[in-house]
Amino acid sequence: MKLNEEIKKLKEKNDVTILAHYYVSGDVQDIADYVGDSYYLSKVATEVSQKTILFCGVKFMGESAKILNPEKRVVMVDESADCPMAHMIDEETIQSIKAKHDDIAVVCYINSSAAIKALSDVCVTSSNAFKIVSSLPEKNILFIPDNNLGTYLSTKIKEKNFIFHQGYCPVHQDIHMEDVIRAKEEHPKVKVLAHPECRIEVLNLADFIGSTSEIIDYATKSSDESFIIATEDGILHQLGNKNPNKTFYLVNENQQCFGMKLNTLSKVYGILNSMENEILLDEDLRQKAKVPLTKMHELAQ
Ligand code: 13P
Ligand code: SF4
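Residues numbered from 1 in each chain as written. Chains lettered and ligands numbered in written order. Predicted model: local features only at pLDDT ≥ 70, side-chain atom pairs only at ≥ 80, totals over all residues.

S.K.: Quick rundown of the overall build of the chain? Include the residues and the values.
M.R.: A tally of regular secondary structure across the chain gives 15 helices and twelve strands. Taken over the C-alpha trace, the chain has a radius of gyration of 19 Å; the compact-globule value for 301 residues is 19 Å, and the two agree within 12%. Over its C-alpha atoms, taken along the principal directions, the chain stretches across nearly 55 × 55 × 30 Å. Looking at the 301 residues of the chain, the share that counts as buried comes to 46%. (Helix = DSSP H or I, 4+ residues; strand = E, 2+ residues; numbered from the N terminus. Rg over C-alpha atoms; globule rule 2.2 N^0.38 Å. Buried ≥ 20, exposed ≤ 12 C-beta atoms within 10 Å, placed from the backbone.)

S.K.: Could you give an account of the site of ligand 2, naming the residues involved and the relevant values?
M.R.: Within the structure, ligand 2 sits among 14 residues, and V58, C83, C169, V171 and C257 are positioned closest to it. In terms of domain composition, the shell around ligand 2 takes at least three residues from each of domain 1 (3-81 + 260-282) and domain 3 (171-250). (Near = placed C-beta within 6 Å. Domains from an automatic or database assignment.)

S.K.: Tell me about the packing of helix α12 (residues 212-221) against helix α13 (residues 235-242), and name the residues and values.
M.R.: Pairs of packed helices are described in terms of their axes, by the angle between the two and the distance that separates them. At a minimum axis distance of 10 Å, the contact between α12 and α13 shows a crossing angle of 25°. Classed by the angle they form, the pair α12 and α13 counts as roughly parallel. Handedness of the crossing formed by α12 with α13: right-handed. Contact residues: T212, I215, I216, A219 and T220 in α12; I235, Q238, L239 and K242 in α13. Its residues assigned to classes, the contact of α12 with α13 comprises five nonpolar, three polar and one charged. (Axes fitted to C-alpha atoms, helices over the stretch in contact; angles between N-to-C directions. Parallel < 35°, antiparallel > 145°, perpendicular 65-115°, else oblique. Left-handed = near helix turned anticlockwise from the far one by under 90°. Contact = placed C-beta atoms within 7 Å. Nonpolar A, V, L, I, M, F, W, Y, C, P; charged D, E, K, R; others polar.)

S.K.: Account for the sheet that holds strand β4 (residues 73-76), naming residues and giving values.
M.R.: In space, the four strands of this open sheet follow the order β2-β1-β3-β4, with parallel pairing throughout. Two strands close off the open sheet at either side, each with one partner strand: β2 (34-36) and β4. Averaged over all adjacent pairs, the angle separating strand axes in this sheet is 20°, with direction ignored. In this sheet, strand β3 (residues 52-56) lies alongside strand β1 (residues 16-21) in parallel orientation, the contact comprising five bridges. Within the sheet, the bridge partner assigned to L19 lies in β3 and is F55. Across the sheet, helix α14 (residues 265-274) is in contact with β1, β3 and β4; its angle to β3 comes to roughly 160°. (Pairing = 2+ DSSP bridges.)

S.K.: Give me the lowdown on helix α4 (residues 59-68), citing residues and values where you can.
M.R.: Among the ten residues that make up α4, nine are buried, leaving the element largely enclosed by the rest of the structure. Buried residues of α4: K59, F60, M61, G62, E63, S64, A65, K66 and I67, and no others. On its buried face, α4 is in contact with β1, α3 (38-44), β3, β4, α6 (114-117) and α15 (283-299).

S.K.: So what about the domain arrangement of the chain? Which residues, and what values?
M.R.: Split into domains, the chain comes out as domain 1 (3-81 + 260-282), domain 2 (85-168) and domain 3 (171-250). Contacts between domain 1 and domain 3 engage eleven residues on the former and eight residues on the latter. Secondary structure elements with two or more residues in the side of domain 1 that touches domain 3: α2 (26-31) and β2. Of the residues contributing to the side of domain 1 that touches domain 3, the split by class is six nonpolar, four polar and one charged.

S.K.: An account of the packing of helix α1 (residues 3-13) against α14 is requested, with residue identities and associated values reported.
M.R.: Here α1 crosses α14 at 30°, and the two axes come no closer than 10 Å. With respect to α14, the element α1 is oriented roughly parallel. Once α1 is placed against α14, the crossing between them reads as left-handed. Of the residues in α14, those in contact with L3, E6, I7, L10 and K11 of α1 are L265, S266, V268, Y269, L272 and N273. Looking at the contact of α1 with α14 residue by residue, the classes come out as seven nonpolar, two polar and two charged.

Below, the structure is given as structure tokens:
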């Protein structure tokens, strides 16, 4: 029997639903029950009926699913699949900045560990950050950990005083302005679609800036026939599926997330058999980390 069919059988037998991010490889996206951006996946995790969620993504995504659904078993395809940005700020830094301001909200990009979420007022993803930060009453915004997304938001939300941290996504940080200029020269008049985790000088060259699902929507609805893509290359799978007659060019050769690509089809099969790599969280930490995630879901409506 083919691996895909074996996976389908095991999934049903073990009452498992599979969630996958757009950055995992295409064959893994194809066996998932739900594929989406980080906001969609955190929402869908609260709506599924199966007892077990198998997460094809990185650790903060599985953790968020577990934080919101303590009664479910959440398992990761590869326990070392992690997002480096999620560990780029420490608890002491947050506490010391908070202590210096009265009127401050700690806004935590969802790409962060449960311990960092537990110290934050609200979580955001790239698809809802503008709406949520704009709606907060506090004047000072400590935006952690992604400096690029924070900087981008600060150009759009002028009334807030942003305090940034130096975190970044290695994949998007490695997309340089020179790469984009070269891609634009090679493909004249082709629009650049960029993720807000990119450097501000790259975003300044983009025609559209959005989350993974917003980039897919934009390209799908557009009458243009080709696009330059400034985000992780796993997105090409759905871009191609939804737009078989359109052409997508990457900006450079390095647009691959190591953690996301640890999710392979054979490991999915192995985990459905073993049910290893379960996310387990201390209950006190889980309850504290749930507060900013729940607030994100309320404010993103
Ligand atoms: P979105 O899917 O929310 O755009 O996030 C991208 C990302 O880097 C996830 O780790
Ligand atoms: Fe983290 Fe970047 Fe990978 Fe997203 S693409 S999971 S931000 S390292």
